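Residue-level structural notes
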Amino acid sequence: MVHWLFAVGILFVGLCLFAEALAGREVWHMRHWRKYLWPALTFVLGLFLWPVMAFFTNSAIHMYAHGSWADGLMLAGAAELGLVHGRLHSPLWRLTWPLAFVITGIAFIVHEQNPWLFARSAFLHHLIGWTFIVGALAPLALAFRPRSAAFQAAFAAVIVVVSIQLFADRDVAPIFGHLSPLAGQQHR
Amino acid sequence: MRRLILVALSALVFPAVASAHATLRSTTPSFRSELKQAPSVIRLQFDQQVKVLPGSIRVLNGVGKNFARPARANGTEVVAAVRHLKLGAYTVRWQAISADSHVVSGVWTFGVQVPAPAVENAYGAGGPTAKEHVVRWVWFLGLALTIGALGLRLIVLRGLRVPRPLERRIAVAAGIGALVTIHAGIVAFSLRAEDALQLPFGRFLYGDLSPMAKTRFGFAFVTMTLVFALVLALVYLSWLLDRVEPLVPALLLAVVFAGGLSLSGHDAVDPGSSWKTEIADWLHLSAASLWIGALATMALLLWTGAPDLRKAAFMRFSRLATVLIAVVLGAGVYLAIVRLPHVSDLWATGYGRVLLVKIGLVSFALLWGAFHHFVVAPALERADTGFLGRIGRSLAGESMVGMAVLLLAAILVDSRPPT
Amino acid sequence: MNTTFVTEAAQQHDIRAHAISLLGPLVAAAGLVWAILQPHRITLLHPRGQGFWWLVVEPPLYVVAAGIVFTLVVARPLLADLERHRATTR
């Protein structure tokens, strides 16, 4: 359930990034509020991950994973806000994005307790993890070529793909028509 | 893409690897329940199928005698019959094999006609270690840095023209304090849970911590994590927008919820505890955090970042410190009287001896503070740059003593007062 | 000024504006298709036995809402700005 809520937020961030890539940074920044939109949303999503970390304590590793995502999202959102507001100046602050992506990806893979084909959620956790790790190349390139529309579109694409993967995530449901007999009963 | 299609096809053709990592969904009896009648079975409900091990469920009394018969797995359920349990508190330790051969484990407590103990007092738990003391100390330091930096800006420097770079450095210090508070809290919670579970780290990662989250410590951990995440966001907002307003709710939240640290310790549940001791504890901790934290940030940030503000800040802090020390001493003396009914407890018990060292260090810090208040402050008007530099080092020294006091406070919060 | 260059730039501008205006509707349509394909995801259609959160969280409707909100709040003003920017740089 929480995955879906975060998926909506991440989808919105991805849409904004796409729109910024298409319109260009100059046009995107023409309205003051708009330049803060997706960095602020990223920061708030990170903030909202803390309750997920603190309230879901069914395993230590689950807590650590959600804590690392909260840290990563807040850091990346904060750096981006600092840059668009003019508080930070070095474009190297954008390296917080690939850093957050790699940390997030590793946490996704490590905290998934089952192998790829156990159930759909297991498959998607592994897939999301690798999407983040490989997708970190897009924000990494963007940090060095901040005006590249192609890299920005690639960055947006990674975010949108992750949101779709989060929407597809289920606790226990078949993967490619198969569900491990040990996975228990599937639910909504 | 081709690889993904291959994975998809192979998933359809071949059965998925039979593996799982189970999560506990519910238990009978439930965590920390007080039962009128002894249970005849212990039941664990998982989200997926599991296998049992020898001793998968153990029901232990206060001396470690096991009352559980061999457990059997039935689908997603593990059940063990229990021999007749007499009146008393019991600990259930369980473990089961997930399909991927990982062992998942957990612990909880219940009572038969008596209240169930907190899970950190389960049979087999070793109690706080030196590692826990250090982590709790770091937790205290984070709290003191947050409250002190915010207090310095909002109380000591109130109404003064503060240079922007100093404003930002103070916000960064408060933000680092909030981050340390959050992360030290996570480590402290993990260590406490690890002790209750009595598992090596590899297995602990998959241990069920939910019973620990339902204790006072768990409640304090959850609350402080959420509140300090909010404090961090407010401090960041202040830094980003160059506005001091967001720091006001940040300071209020940090001070109000600082009490979580003391409420999570032994003091809150031991004999003699009442709402009065809880308030005294909160006052003691909040005032000490503000005193030590503001002193440290003044010595490290203000002294180097805003030479023009040194004299005004010193005089104002001196007045604030007088009030804070009165609160620290008043609350501390009251708590010492409640927790140590006999004066001899001070040297006859471990708790008393740690308290004695703490009193010694506090007295040293107070003497140092008195020197600043009565000797340095009057001489400040005619002070030259060299003298002011020496005062900065002296303030840093006093704050170091304060930090040592916090270490002893961390040990005391983890320890049980004599009964 | 080279007229071919101006025409190409204008065309590219049109394509970009078109893509931005399509983003929101496409997302909303995707949510709608999802809702039709998997109506069981919308617990409001069969609210028996569901707890509060299961009734609040309606993933396909959230996707539709994200598309609509994006169109109204982000895309429309952005398209206006894009047009304004095009006019000033012409």
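Residues numbered from 1 in each chain as written. Chains lettered and ligands numbered in written order. Predicted model: local features only at pLDDT ≥ 70, side-chain atom pairs only at ≥ 80, totals over all residues. Heavy atoms only, no water.

Further remarks concern the overall build of chain C. Looking only at helices and strands, chain C has three helices and zero strands in total. Going from N to C terminus, chain C has its helices and strands arranged as α-α-α. Long-range pairs, those at least 24 residues apart, make up 60% of the contacts in chain C between residues at least 6 apart in sequence. For chain C, the accessible area works out to roughly 5700 Å², and carbon and sulfur atoms hold 69% of it. (Helix = DSSP H or I, 4+ residues; strand = E, 2+ residues; numbered from the N terminus. Contact = heavy atoms within 4.5 Å. Areas by Shrake-Rupley, 256 points an atom, 1.4 Å probe, with all protein chains shown as cover.)

Before going further, it helps to spend a moment on the packing of aromatic side chains. Under the defined criterion, the tally for this structure stands at 22 aromatic pairs over all chains. Plain terms: the ring middles of F12 of chain A and F70 of chain C are 6.0 Å apart, the flat faces sit at 80 degrees to each other, and that makes the pair edge-to-face. Here F12 of chain A is found in helix α1 (residues 2–23), whereas its partner F70 of chain C is found in helix α3 (residues 59–89) on a different chain. In this structure F12 of chain A comes out as buried when scored by relative accessible area, which is 11%. Relative to F155 of chain A, the ring of W38 of chain A has its centre 6.5 Å away and its plane inclined at 75 degrees; by these criteria the two rings are edge-to-face. One end of the pair, W38 of chain A, is in helix α3 (residues 32–55); the other, F155 of chain A, is in helix α8 (residues 149–168), and 117 residues separate them in sequence. (Phe/Tyr/Trp six-rings, centres within 6.5 Å; stacked < 30°, edge-to-face > 60°. Buried < 20%, exposed > 50% of the residue type's maximum accessible area, 1.4 Å probe, protein only.)

Now for the interface of chain A and chain C. Between chain A and chain C, the contact holds 25 residues from the first and 29 residues from the second. Both sides of the chain A and chain C interface together cover about 2600 Å² of buried area, and 77% of this is carbon and sulfur. On the surface where chain A and chain C come into contact, there are two salt bridges. Where R34 of chain A meets D81 of chain C, a salt bridge forms, and the shortest distance between an N and an O atom there is 2.6 Å. Our enumeration of links across chain A and chain C arrives at five residue pairs in polar contact (both at pLDDT 80 or more). Those elements that place two or more of their residues in the side of chain A that touches chain C are α1, α2 (25–28) and α3 of chain A. Top element by residues in the side of chain A that touches chain C is α1 of chain A. It accounts for 12 residues. Along the lines of polarity and charge, the residues of the side of chain A that touches chain C split into 19 nonpolar, no polar and six charged. (Buried area = accessible area lost by both parts, 1.4 Å probe. Salt bridge = Lys/Arg side-chain N within 4 Å of Asp/Glu carboxyl O. Polar contact = N/O pair within 3.5 Å; in protein donor to acceptor, adjacent residues only side chain to side chain. Nonpolar A, V, L, I, M, F, W, Y, C, P; charged D, E, K, R; others polar.)

Residue and element names in this part refer to chain B. The buried count for strand β6 (residues 77–81) comes to four of five residues, which makes it a mostly enclosed element. In terms of strand pairing, strand β3 (residues 41–46) meets β6 through five bridges, oriented antiparallel. Bridging across to β6, R43 finds its partner in V79. Pairing geometry for strand β5 (residues 72–74) and β6, over three bridges, is antiparallel. Bridging from a neighbouring strand, A73 pairs with V78 of β6. Between the antiparallel neighbours β5 and β6 lie two residues, among them G75 with a positive phi of about 70 degrees. (Pairing = 2+ DSSP bridges.)

This part is about the environment of L41 of chain A. All names here are of chain A. Topologically, L41 is positioned in helix α3. The class for L41 is partly exposed, based on a relative accessible area of 25%. Once residues lying within four places of it in the same chain are set aside, the contact partners of L41 are G9, F12 and V13.

Residues and elements named next belong to chain B. A sheet is described by the order of its strands in space; here four strands give the open sequence β1-β3-β6-β5, paired in antiparallel fashion. Pairing within the sheet leaves two strands with one partner each, and these edge strands are β1 (24–28) and β5. Each neighbouring strand pair of the sheet contributes to a mean axis angle of 20 degrees, computed without reference to strand direction. (Axes fitted to C-alpha atoms, helices over the stretch in contact; angles between N-to-C directions.)

Moving on: helix α6 (residues 120–135) of chain A. Relative to the 22 Å expected for 16 residues at 1.5 Å per residue, α6 of chain A spans 21 Å between its end C-alpha atoms, a close match to the ideal helical length. Burial within α6 of chain A is extensive, with 12 of its 16 residues counted as buried. (Expected span 1.5 Å × (residues − 1).)

The next thing to look at is the packing of helix α4 (residues 60–85) of chain A against helix α3 (residues 164–197) of chain B. Following both chains from N to C, one finds α4 of chain A and α3 of chain B inclined at 175 degrees, their axes separated by 12 Å at the closest point. Between α4 of chain A and α3 of chain B, the angle falls in the class roughly antiparallel. On α3 of chain B, the residues that touch M63, Y64 and D71 of chain A of α4 of chain A are L179, H183, I186, F189 and S190 of chain B. By residue class, the composition of the contact of α4 of chain A with α3 of chain B is five nonpolar, two polar and one charged. (Parallel < 35°, antiparallel > 145°, perpendicular 65-115°, else oblique.)

This part is about a positive patch on the surface. Together, K65, R69, R83 and K86 of chain B line one region of the surface with positive charge. By the secondary structure assignment, R69 of chain B is in the loop between β4 (57–60) and β5. (Patch = residues over 30% accessible without salt bridge, like charges linked within 9 Å, V, L, I, M, F, W, Y side chains within 5 Å. Lys, Arg positive; Asp, Glu negative; His and termini not counted. Charge placed at Lys NZ, Arg CZ, Asp CG, Glu CD.)

Residues and elements named next belong to chain B. Here the amide bond leading from T28 into P29 is cis, since omega sits at -5 degrees, within 30 degrees of zero. By the secondary structure assignment, P29 is in the loop between β1 and β2 (33–35). Although it is not a glycine, Q113 adopts a positive phi angle of roughly 60 degrees. Within the element layout of this structure, Q113 appears in the loop between β8 (103–112) and α2 (130–156). Backbone geometry at D242 places phi at a positive 55 degrees, although glycine is not the residue there. One can find D242 in the loop between α6 (216–241) and α7 (247–257).

Here H62 of chain A shows up in helix α4. Judged by relative accessible area, H62 of chain A falls into the buried class, the value being 16%.

Turning our attention to the nonpolar core. The biggest cluster of nonpolar side chains holds 160 residues, and the ones touching the most others in it are W50 and F155 of chain A, L157, L166, F228 and W291 of chain B together with F70 of chain C. When neighbours within four sequence positions are excluded, F70 of chain C is seen to be in contact with F12, L15, C16 and A19 of chain A together with I20, L23, G24 and A75 of chain C. Core analysis: the next-biggest nonpolar cluster, separate from the first, contains 27 residues, I61 of chain A together with L24, F46 and I57 of chain B among them. (Core = buried A, V, L, I, M, F, W, Y, C linked by side-chain atoms within 4.5 Å.)

The quantities given are spatial measurements derived from coordinates; they are silent on function.
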